[in-house]
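Examining the three-dimensional arrangement
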Amino acid sequence: MPDLQRLRLDHAAALLVFEQVNRQYFAASIPDRGDAYFTGFTARLESLLAEQEAGVCHFHLLVDADGAVLGRINLIDVADGAAELGYRIARAAAGRGLATAWVARV
């Protein structure tokens, strides 16, 4: 069973692998993030962590026992008890009910 973890700076390497490995898979259903997302990955991650620290957003990773990222579940623009939900599940983990189960928990 994967573990739901709040995004941290030490997730950077595993999260980058997740995004790179699944880039084409995600781009089949949502707009591609573009090359700049990957070249500026560390700065982008630090920006997300600052938003999380401010309470504006809450970022979560589904992590397997080996530390690999299986998915992301994010609450964005948190205000007045509401937020926008976004999630991505790795191609290798899709179809196992992870999004259904873990989105409900978040």
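Quick note: structure is the one above.
The paragraphs below set out a description of the structure included in this document. (Residues numbered from 1 in each chain as written. Predicted model: local features only at pLDDT ≥ 70, side-chain atom pairs only at ≥ 80, totals over all residues. Heavy atoms only, no water.)

Assigned secondary structure in the protein consists of 5 helices and 4 strands. Element order for the protein, N to C, with α for helix and β for strand: β-α-α-α-α-β-β-β-α. Computed over C-alpha atoms, the radius of gyration of the protein comes to 13 Å, within 12% of the 13 Å expected from 2.2 N^0.38 for 106 residues, which places it in the range of a compact globule. A principal-axis box enclosing the C-alpha atoms of the protein has dimensions of 35 × 30 × 25 Å. Counting the 106 residues in the protein, one finds 33% classified as buried. Of all intrachain contacts in the protein linking residues separated by at least 6 positions in sequence, the fraction that spans at least 24 positions is 51%. Roughly 6,300 Å² of accessible area belongs to the protein as shown, and the carbon and sulfur atoms make up 53% of that amount. Of note, the protein has its 10 positive side-chain charges centred 6 Å away from the centre of its 13 negative side-chain charges. (Helix = DSSP H or I, 4+ residues; strand = E, 2+ residues; numbered from the N terminus. Rg over C-alpha atoms; globule rule 2.2 N^0.38 Å. Buried < 20%, exposed > 50% of the residue type's maximum accessible area, 1.4 Å probe, protein only. Contact = heavy atoms within 4.5 Å. Areas by Shrake-Rupley, 256 points an atom, 1.4 Å probe, with all protein chains shown as cover. Lys, Arg positive; Asp, Glu negative; His and termini not counted. Charge placed at Lys NZ, Arg CZ, Asp CG, Glu CD.)

Turning our eyes to something else, we now look at the environment of Val106. On the secondary structure map, Val106 appears in the segment after helix H5 (98-105). As for Val106 and Leu85, which are separated by 21 residues in sequence, their C-alpha atoms are 9.4 Å apart. Residues contacting Val106, with those up to four places away along its chain left out, are Leu4, His60, Ile73 and Leu75.

What follows deals with the sheet that holds strand S3 (residues 69-79). Strand order in the open sheet formed by 4 strands is S1-S2-S3-S4, and the pairing between neighbours is antiparallel. The sheet terminates laterally at strand S1 (3-6) and strand S4 (82-89), the two strands that pair on one side only. With direction set aside, neighbouring strand axes in the sheet form an average angle of 20 degrees. Most of the contacts of helix H4 (residues 41-54) go to strand S2 (residues 58-63), to which it runs at about 115 degrees, and overall it touches S1, S2 and S3. Strand contacts of H5: S1, S2, S3 and S4, with the helix running at about 150 degrees to S4, the strand carrying the most contacts. (Pairing = 2+ DSSP bridges. Axes fitted to C-alpha atoms, helices over the stretch in contact; angles between N-to-C directions.)

Turning our eyes to something else, we now look at the pairing of S4. In summary, the side chains of a regular strand alternate between the two faces of the sheet. Strand direction decides the pairing type here: S3 and S4, joined by 7 bridges, are antiparallel. The partner of Asn74 across the bridge, within S4, is Gly86. Between S3 and S4, which pair antiparallel and follow one another directly, the connecting turn spans 2 residues, one of which, Asp80, has a positive phi of 55 degrees.

Even without being a glycine, Asp77 presents a positive backbone phi close to 55 degrees. Within the chain, Asp80 stands out as a residue other than glycine whose phi angle is a positive 55 degrees. Along the chain, the position of Asp80 falls in the loop between S3 and S4.

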